[in-house]
Amino acid sequence: AIDTKTNTTFWGIGNPAPWPGTADFPNGLSRPGSNLYTSSIVAVNQTNGKLMWYNQVSPHDLFDYDFQVSPILANVNGRNIVIGAGKMGKVVAFDRKSGETIWSTPVGEHLNDTLTQLPPGITKVAPSPLGGIETNLAYSNGVVFAPLNDLAVSYTPTGFVASSFNLSAGKGELVALDVSTGKVLWVNKFDSLDVGAATVVNDLVFTSTYDGKIYAFNVKTGAEVWTYQAPGGINGWPAVKGDTIIFPVGLGKTPQLLSFKIGGAMNTIVKPTLSPDQPGKQFQQ
């Protein structure tokens, strides 16, 4: 994110490795200390590259908890803030000048994720390496929207138990938070991972899930306004231009783009008539 008034760029940083460790160096012993500046947000002067401040959200991370989501700039009661999020399942607001944490809100499922050392044997942990907040936040009128994933996996002190990783067992959520306090305003839960980001258009917030469901919710109440079942899974997010919103759909060798019209006083959406056997053809509305 770029603050052009103060000449500052804000960056979300990924995780350290190996995680959680190796046979010779369990629990990240090959990388002692906090592992700056991983799993952090950093503020950098965009002219000379000088590090202005950093805030490490997960020191010496063991669980692949990137703080990777693109930061969002906002102003709350006259205070300039920057909001970040990541795979550790937290949404965090920082003071844009000092880097001070203003609030930090855990969202979704959490289990053993604050351990600084894994005990001998197998430990179940949530969020997983594909859990927490994987894709972009959205912000509108004092509310930040976070798409997230609930998916627990297993670890030993020396490695990730790959056989415990089951994407089809994952669940998703879309959470709305008050940007002033970090308080959760509403939550919608899904039967599939939410890797479709959050996108606000007027009084609607859109998201989509790994099983191909597209949703639109009222930004204030969280009430479901509209849903659509796409012909394939979705793990990307839409583009918006005027009264049109376009979603990417994965269908192996024949991926599709679905285009919907947003219009009318109630932001109703006209469903297209799909021609899945003719990818690339114009949809009839």
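Quantities reported herein were computed from a predicted structural model and do not represent experimental measurements.

What counts and how
- Residues numbered from 1 in each chain as written.
- Predicted model: local features only at pLDDT ≥ 70, side-chain atom pairs only at ≥ 80, totals over all residues.
- Heavy atoms only, no water.
- Salt bridge = Lys/Arg side-chain N within 4 Å of Asp/Glu carboxyl O.
- Helix = DSSP H or I, 4+ residues; strand = E, 2+ residues; numbered from the N terminus.
- Buried < 20%, exposed > 50% of the residue type's maximum accessible area, 1.4 Å probe, protein only.
- Contact = heavy atoms within 4.5 Å.
- Pairing = 2+ DSSP bridges.
- Axes fitted to C-alpha atoms, helices over the stretch in contact; angles between N-to-C directions.
- Patch = residues over 30% accessible without salt bridge, like charges linked within 9 Å, V, L, I, M, F, W, Y side chains within 5 Å.
- Areas by Shrake-Rupley, 256 points an atom, 1.4 Å probe, with all protein chains shown as cover.
- Core = buried A, V, L, I, M, F, W, Y, C linked by side-chain atoms within 4.5 Å.
- pLDDT = per-residue confidence, 0-100.

Caption draft 1: Just the pattern of salt bridges, in detail. Scanning all chains against the criterion turns up five salt bridges. For Asp3, the salt bridge identified is with Arg96, shortest N-O distance 3.0 Å. Of the two residues, Asp3 sits in strand β1 (residues 2-3) while Arg96 sits in the loop between β7 (90-95) and β8 (101-106), which places them 93 residues apart along the sequence. Both residues of the pair, Asp3 and Arg96, count as buried. A salt bridge links Lys87 to Asp64; the shortest N-O distance between them is 3.0 Å. Of the two residues, Lys87 sits in the loop between β6 (79-85) and β7 while Asp64 sits in the loop between β4 (51-56) and β5 (72-76), which places them 23 residues apart along the sequence.

Caption draft 2: Main features of the environment of Lys183. Residue position: Lys183 is located in the loop between β14 (171-178) and β15 (184-190). On a C-alpha basis, the gap between Lys183 and Ser104 in space is 9.5 Å, while along the polypeptide they are 79 residues apart. Look past the residues within four positions of Lys183 in its chain and what remains in contact with it is Ala176, Leu177 and Asp178.

Caption draft 3: Here's a closer look at the sheet that holds strand β10 (residues 138-140). Taken together, the four strands give an open sheet; going across it, the order is β10-β11-β14-β15, and neighbouring strands pair in antiparallel fashion. The sheet is open, and its two borders are formed by β10 and β15, each paired with just one other strand. Here the strands of the sheet are splayed against their neighbours by 20° on average, with no regard to which way each runs.

Caption draft 4: Structural context of the sheet that holds β6. If you trace the four strands from one edge of the open sheet to the other, you get β5-β6-β7-β8, paired in antiparallel fashion. A single partner strand is all that each edge strand has here, and the edge strands are β5 and β8. The sheet shows a mean angle of 25° between the axes of neighbouring strands, direction not considered. Where β6 lies against β7, five bridges are found, and the strand directions are antiparallel. Bridge pairing in β7 links Ile83 to Ala93.

Caption draft 5: Spatial organisation of a nonpolar patch on the surface. Taken together, the side chains of Leu36, Tyr37, Leu51 and Tyr54 define a hydrophobic patch exposed on the protein surface, amounting to about 350 Å² of accessible area. Mapped onto the elements of the fold, Leu51 is located in strand β4. On the accessibility criterion, Leu51 (34% relative accessible area) is partly exposed.

Caption draft 6: Geometry of the nonpolar core. Among the nonpolar cores identified, the biggest contains 19 residues, and Ile83, Val91, Ile133 and Leu137 are the most heavily contacted of them. Of all elements in the fold, only β5, β6, β7, β11 (143-150) and β14 reach the threshold of two or more residues within this core. Ignoring any residue separated from it by four or fewer positions in sequence, one finds Val91 in contact with Ile83, Gly84, Ala85, Trp103, Ser104, Thr105, Val107, Ile133, Val144, Ala146 and Leu177. Counting 17 residues, the second-largest nonpolar core is a separate cluster that includes Ala43, Tyr65, Phe67 and Phe94.

Caption draft 7: Expanded view of the pairing of β5. Where burial is concerned, the two faces of β5 differ: the one with Ile72, Ala74 and Val76 is buried and the one with Leu73 and Asn75 is not. Where β5 meets β6, five bridges bridge the pair, whose relative direction is antiparallel. Each bridged residue has a counterpart across the sheet, and for Ala74 the counterpart in β6 is Ile81. Between β5 and β6, which follow one another and run antiparallel, lie two residues, and Asn77 among them has a positive phi close to 50°.

Caption draft 8: Focus on the confidence of the model for the chain. The share of residues in the chain with pLDDT of 70 or more is 92%, and the mean pLDDT across the chain is 92. Ignoring residues within four places in sequence, the model shows residues 270-276, a span with pLDDT below 50, making 21 contacts including any to other chains. Considering only residues more than four positions removed or in separate chains, one finds that residues 278-285, a stretch of pLDDT under 50, has 13 contacts.

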